[in-house]
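So you can see what is in the structure, the chains are spelled out below.
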Amino acid sequence: MTTDTGRTLQADGAGSDFPSTGTAESSRIALLTGASSWTLHPLPERGLRPLVLSDGPIGVRGVDEDTRPSAQLPTPTALAATWDLDLITRLGALIAGEARRKAVDVVLSPVVNLQRTPYGGRHFEAFSEDPLLTGAIAAQFIRSVQSYGVAVCAKHFVGNETETERTTYLARIPERALREVYLAPFERAVRDAGVWTVMAAYNRVDDGRLAAPATEHTRLINEVLKGEWGFDGVVVSDWLATNSTVESAAAGLDLVMPGPGGPWAEALEAAVSEGLVPAAVIDDKVERIVQLGIRVGAVGPESSATVDEDLPTKDSTRALLREAVARSIVVLRNDGLLPLSSRDLTSVALIGPNAVDPFVQGGGSAFVTAPYVVTPEQALREALPDALITTVRGTSGRAHARPIDPRLVTTPDGTPGYSITYLDESGNPLGAPRVVPAGEGWNRESPADATAARVQAVVTLDSPGTHRIEVGVSGQHTVSYDGTVVSESADWADHNVILDSSANHPGGPTGTFVVDEAPRLVTVESEQQIVDAGAYGRFVRFVLRHDKPELTPDDELEQAVAAAAAADVAIVVVGTNEETESEGWDRQDLDLPGRQNELVERVIQANPRTVVVVNAGAPVILPWLERAQAVVWWWLPGQEAGNGLADALLGVTEPSGRLPWTLPGAEADVPVSSTTPVDGVVDYAEGIHVGHRSWERLGRTPAREFGFGLGYGEWYYDRLEIIGTPDNLVAQVAVRNTGPREARETVQLYLEAPDSPVERPVRWLAGFAVADIPAASSRTVRIPIERRALEVWNVEQHRWEIPGGRYVFRAGRSSRDLRLSESVPLTDAG
Ligand code: BGC
C-alpha cells in the first residue's frame with residue numbers, strides 16, 4: 001500500500017513482540033505473519049533468512065528505507081497491448097534484475113484480475129479484459145522472472161475487479177464465469193507457469209457454494225488452487241486483508257501480511273494449543289514458506305549472484321523500455337499522416353496537459369520512483385534537432401491544484417513547514433507544537449494519548465492574481481481559512497481509510513484568493529481527528545495544494561490554437577492523471593477530464609495535420625476520433641515515455657500495439673458500467689460474456705474493438721488451416737505484407753460455435769501470434785490452440801468438456817476484422 005506521494009506507509013507493530021516465548025513452535029507460527037510491512041521472520045533452524053516482498057506491477061519498489069529509484073515499465077495493460085511474448089520475457093529479466101538489486105525475493109506482480117469494466121480504478125494495473133490474453137501474458141512473465149530465482153505473486157485471488165467498498169464487497173460470480181474467465185488466468189499461472197505465490201484478495205467471493213472472504217475461502221484455496229491445480233507455493237493475504245484466525249488458517253491461507261501483529265501471531269498459537277487449528281495445518285504452511293525460501297535462494301549460503309546497481313539507467317534497460325513503449329502504442333486512426341517524416345518537419349506544436357506533464361504510472365501500491373522520465377518535448381528535440389518545437393499546455397486536465405511549493409508554507413511564527421499541536425480527549429494541548437515539513441502529507445508521530453490535532457499553516461501568495469488553495473484532511477475535522485470555517489465534517493475515519501485510499505484522493509476545501517498587492521498571507525487552520533489505521537499506525541493527514549493559472553482558461557486555449565496554426569504538425573497529448581486512475585477508488589465517468597475534448601477539436605480545426613496522443617491506461621471517450629487525421633494510444637508509459645512516443649510517431653519503431661480491451665464510443669454502450677456494490681454485492685451477471693464478448697452479444701458497436709490496432713503495415717490474409725485434434729490443435733495462417741515496409745502483424749484467432757448446445761460467447765479469442773514480415777513477403781504463422789480454448793465448464797458435473805459440434809475458426813486483424821474462416825467439426829474425443 002502506498003500513499004499518493006509514492007511514500008510507503010510502514011505498518012507499525014504496536015503492542016506486539018511475538019514470538020515472545022522463543023519456543024520452536026512459536027517461531028514456526030511467527031513465520032506465518034510478516035515481521036514488518038515487507039519482510040518475514042527468519043527460521044534459523046531451517047536455515048531460512050528473512051524473506052523480502054515488494055510491489056509490484058510497474059517496477060520493483062523495494063522496502064521502505066530503500067529510496068533508490070526503480071526501473072519504471074509501461075503499465076501492465078501496455079505490455080499486454082504488445083501481445084509480444086518475447087518482449088515480455090525480456091521485461092521479466094529486467095524485473096528479476098531489479099528484484100536482485102533491491103534484495104527482494106517476491107515481487108507482488110502480476111495482477112491477473114480482469115478488466116471487467118472500464119470504470120475499475122485499478123484497470124491500468126491489469127493486462128486485459130480477455131482471459132486468454134491475460135493468462136498468456138501473465139504466464140510468460142511468471143516463467144521469465146522465476147527462471148532467475150525470483151518469485152512473483154499472481155494477485156488478487158479472486159474477483160477483485162472493483163475498488164468501491166473493496167475490503168468488504170461480495171463478488172457473486174456464476175460458476176462457469178468463475179472457471180472460464182476469472183480463475184482461468186490464475187489456473188494458467190499455476191499449472192502452466194508454476195507461480196510460487198498467490199495473493200488472496202480483500203473482497204469476499206460467492207462461488208455458488210460458499211460465500212466467504214477470499215482469505216477464508218476454503219473451496220477456492222484448499223480445494224481448487226491447492227487441491228485441483230496442485231499449487232505448491234505460498235498463499236499470502238493482501239495487505240491487512242485477513243480478519244480471522246481459525247477460519248483463514250484452516251482455509252489454506254499461508255501467510256498474513258503485513259506484520260508484526262495482526263489476526264494470527266499469538267492468536268494462532270493459542271488456536272493451535274486449543275486444538276482449533278491442527279498442527280499439520282501449521283506444518284504445511286511452514287513447509288511452503290521454507291520451500292519458497294529454497295526456490296529464491298534464501299536457505300543456505302548467501303547468493304553470490306552479482307547485482308547491477310546501474311540497472312535502471314543502463315543503455316540496455318533504456319533501449320528495452322523504449323522499445324516496449326513504442327511497441328505498445330496503438331494506432332487508432334491514420335489518414336496517412338503517420339509516420340511523420342522527420343526530413344519534412346520544420347516546426348512542431350506540442351500541445352496538451354499531458355504533453356507538459358505526462359502521466360507515466362497510475363496511483364497506489366504499484367507506484368515506483370523512476371530514475372528519470374523522458375518527456376515528449378525532450379525526445380522530439382533530440383529526434384528533430386533542426387525543427388522548431390513549441391510546447392503549450394492549452395488546458396488543464398485536473399480538477400484539483402498540485403501539492404504546494406513548500407517554500408510558500410510557514411508556521412505562524414515564520415518557521416518553514418506547518419505546525420501540529422496534539423490535543424487530548426478534552427481538547428487540551430499536549431506539549432508544544434511540532435514543526436512538520438510542508439511536503440509531509442502523512443504525519444505519523446502522534447503521541448498515544450492524543451486523539452486530535454490542531455494544524456496551522458501560513459501560506460504566502462507571492463504574486464498578484466487569482467490563487468487557489470486546497471487542503472486535504474482525513475476524518476472528522478474543522479478547516480478554516482483566515483478564521484472563516486470552510487469545511488466541517490463529523491464523519492469519523494476508521495482504519496479502512498488507508499485501504500480504500502480515500503485518504504489519498506486529492507481534494508478538500510478550496511479557497512480562492514484574488515491578490516492585488518503581493519505578498520498576501522493566508523492562515524490555514526485545521527482541527528482534526530487522528531486516524532487510527534490499525535497496523536498502518538496512527539496519522540494526521542494534512543496536504544496543502546495550490547495553483548495560480550497564468551492565463552485564463554480561454555486564453556490558454558487560444559494560445560494552443562495559435563501554436564497549432566503556426567506549425568507544420570501539431571501533436572496534442574491529452575489524457576488522464578492521478579486524480580482519475582488509481583488503486584483505492586473507481587472512476588466516475590469515462591470523459592477526458594477538464595476541457596481537453598474542446599482543446600482537441602480546436603486544434604484539429606486550426607491545423608488538420610494533427611496527431612492526437614492519448615495518455616491513459618483505461619478507456620476514455622474520444623468524441624473527435626473520426627475527425628482527427630491521426631490518433632494513437634500511448635498508455636501510461638513509464639520512464640522512457642517520450643522516446644518511445646517519438647520513435648513510434650517518426651516510424652523508427654512501428655507502433656504495433658493492439659487493444660487488449662474494447663474502446664467504447666459512448667458511455668451508454670458500456671456493458672458493465674457500475675462498480676458500486678448493491679447491498680454489498682457485486683453481481684457478475686454478465687457471466688462468461690466479459691468485455692468484447694458482451695459487446696458482441698449485445699450487438700453494440702464500439703469506437704474501436706478488442707484487438708484493434710493499425711500499425712504501419714498493410715496485410716492480406718491468404719490461407720487458414722486447422723490441423724490436429726483438440727489435444728494438439730494448431731492453426732496455420734498465411735499472411736502477406738502488401739505494404740512498402742517491413743511490418744509486424746498480430747495474427748488473432750477467434751472461435752465461434754454457432755450451433756452449440758450450451759451457451760457460448762458469440763466469439764472468443766482462441767490464440768494469437770506475432771510476426772515481423774518484410775515488405776512484399778508472406779509468412780505462415782503457427783498458432784497453437786490450448787485445449788482450454790475449446791472447453792466449457794460443465795456446472796452439473798463440475799468438470800471441463802468440449803461440447804461436440806461445428807466450430808468456426810476465424811483469423812484476422814482484430815475481433816471484428818476477420819479475414820478468413822474455417823469450419824471444423826470437433827468432439828471431446830478428437
Ligand atoms: C494492494 C496489493 C499490494 C499490497 C501491498 C494492497 O493494497 O491491493 O496489490 O500488493 O497493497 O502494497
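About the criteria used
- Residues numbered from 1 in each chain as written.
- Predicted model: local features only at pLDDT ≥ 70, side-chain atom pairs only at ≥ 80, totals over all residues.
- Heavy atoms only, no water.
- Helix = DSSP H or I, 4+ residues; strand = E, 2+ residues; numbered from the N terminus.
- Rg over C-alpha atoms; globule rule 2.2 N^0.38 Å.
- Buried < 20%, exposed > 50% of the residue type's maximum accessible area, 1.4 Å probe, protein only.
- Contact = heavy atoms within 4.5 Å.
- Areas by Shrake-Rupley, 256 points an atom, 1.4 Å probe, with all protein chains shown as cover.
- Lys, Arg positive; Asp, Glu negative; His and termini not counted.
- Charge placed at Lys NZ, Arg CZ, Asp CG, Glu CD.
- pLDDT = per-residue confidence, 0-100.
- Pairing = 2+ DSSP bridges.
- Axes fitted to C-alpha atoms, helices over the stretch in contact; angles between N-to-C directions.
- Parallel < 35°, antiparallel > 145°, perpendicular 65-115°, else oblique.
- Left-handed = near helix turned anticlockwise from the far one by under 90°.
- Nonpolar A, V, L, I, M, F, W, Y, C, P; charged D, E, K, R; others polar.
- Salt bridge = Lys/Arg side-chain N within 4 Å of Asp/Glu carboxyl O.
- Phe/Tyr/Trp six-rings, centres within 6.5 Å; stacked < 30°, edge-to-face > 60°.
- Lys NZ or Arg CZ within 6 Å of the ring centre and 35° of its normal.

Novice: Quick rundown of the overall build of the protein chain? Include the residues and the values.
Specialist: Across its full length, the protein chain holds 18 helices and 37 strands. Here the C-alpha atoms of the protein chain give a radius of gyration of 27 Å, agreeing with the 28 Å that 2.2 N^0.38 yields for 830 residues. Burial status across the protein chain gives 62% buried among its 830 residues. Counting only contacts in the protein chain whose residues sit at least 6 apart along the sequence, the fraction spanning at least 24 positions is 77%. Looking at the protein chain as shown, the accessible area adds up to about 28900 Å², and 49% of this sits on carbon and sulfur atoms. Treating the 73 positive side-chain charges of the protein chain as one cloud and the 113 negative ones as another, the clouds have centres 6 Å apart.

Novice: Break down the confidence of the model for the protein chain for me, with residues and values.
Specialist: The share of residues in the protein chain with pLDDT of 70 or more is 97%, and the mean pLDDT across the chain is 94. Counting interchain partners and residues more than four positions distant, the pLDDT-below-50 stretch residues 3–9 has 25 contacts.

Novice: Can you break down the pairing of strand β21 (residues 510–515) residue by residue, with the values?
Specialist: Only one face of β21 is covered, namely the face carrying Gly511, Phe513 and Val515; the face carrying Thr510, Thr512 and Val514 is uncovered. Direction of pairing for strand β18 (residues 465–473) relative to β21: antiparallel, over a ladder of six bridges. From the neighbouring strand, threonine 466 faces β21, where its bridge partner is valine 514.

Novice: Can you explain helix α6 (residues 184–191)? Please cite residues and give values.
Specialist: Among all positions in α6, only Pro185, Phe186, Glu187, Ala189 and Val190 are buried. Those residues of α6 that are buried are in contact with α4 (131–146), β3 (151–157), α5 (175–182), α7 (218–228) and β35 (799–801).

Novice: Which residues make up the packing of α4 against α6, and what values go with them?
Specialist: Direction vectors running N to C along α4 and α6 enclose 25°, while the axes themselves pass 8 Å from each other. Looking at the two axes, α4 sits roughly parallel to α6. The crossing of α4 and α6 is right-handed. In this structure, α4 uses Pro131, Leu132, Thr134, Gly135, Ala136, Ala139 and Ile142 to contact α6, whose residues at the interface are Ala184, Pro185, Arg188 and Ala189. Among the residues making up the contact of α4 with α6, the classes are represented as eight nonpolar, two polar and one charged.

Novice: Break down unusual backbone geometry for me, with residues and values.
Specialist: Of note, the amide linkage connecting phenylalanine 157 to valine 158 takes the cis form, showing an omega dihedral of 0°. With respect to the helices, strands and loops of the structure, valine 158 is situated in the loop between β3 and β4 (170–172). A cis amide bond, omega -5°, links alanine 518 with the succeeding residue proline 519. Along the chain, proline 519 falls in the loop between β21 and β22 (520–529).

Novice: Account for the pattern of salt bridges, with residues named and values stated.
Specialist: Where side chains of opposite charge bring their charged atoms close, a pairing between them can arise. Applying the stated rule across the entire model yields 68 salt bridges. Residue arginine 28 is joined to glutamate 25 by a salt bridge in which the shortest nitrogen-to-oxygen separation is 3.0 Å. Taken together, the positions of arginine 28 and glutamate 25, both in helix α1 (residues 24–30) and three residues apart, correspond to about one turn of that helix. Assessed through its relative accessible area of 16%, arginine 28 is described here as buried. A relative accessible area of 27% places glutamate 25 in the partly exposed class. A salt bridge links glutamate 745 to arginine 658, with the nearest nitrogen and oxygen atoms 2.8 Å apart. Here glutamate 745 is found in strand β31 (residues 743–752), whereas its partner arginine 658 is found in the loop between α17 (641–649) and β28 (681–683), with 87 residues between them in sequence. Given the relative accessible area of 0%, arginine 658 is considered buried. If you follow the salt bridges from partner to partner, you end up with Glu187, Arg191, Asp727, Arg787, Arg788, Glu791 and Asp828 in one network.

Novice: Can you tell me about the packing of aromatic side chains, naming the residues and giving the values?
Specialist: Summed over all chains, the structure comprises 13 aromatic pairs. A ring pair is formed by phenylalanine 157 and phenylalanine 186, whose centres lie 5.1 Å apart and whose planes are at 85°; its orientation type is edge-to-face. Of this pair, phenylalanine 157 sits in strand β3 while phenylalanine 186 sits in helix α6; the two residues are 29 residues apart in sequence, bridging distant segments of the chain. With respect to burial, phenylalanine 157 and phenylalanine 186 carry one shared label: buried. A network of ring pairs unites the aromatic residues Trp83, Phe706 and Phe768 as a single cluster. Across from the ring centre of tyrosine 684, 4.1 Å away, lies the NZ or CZ of arginine 116, which sits over that ring.

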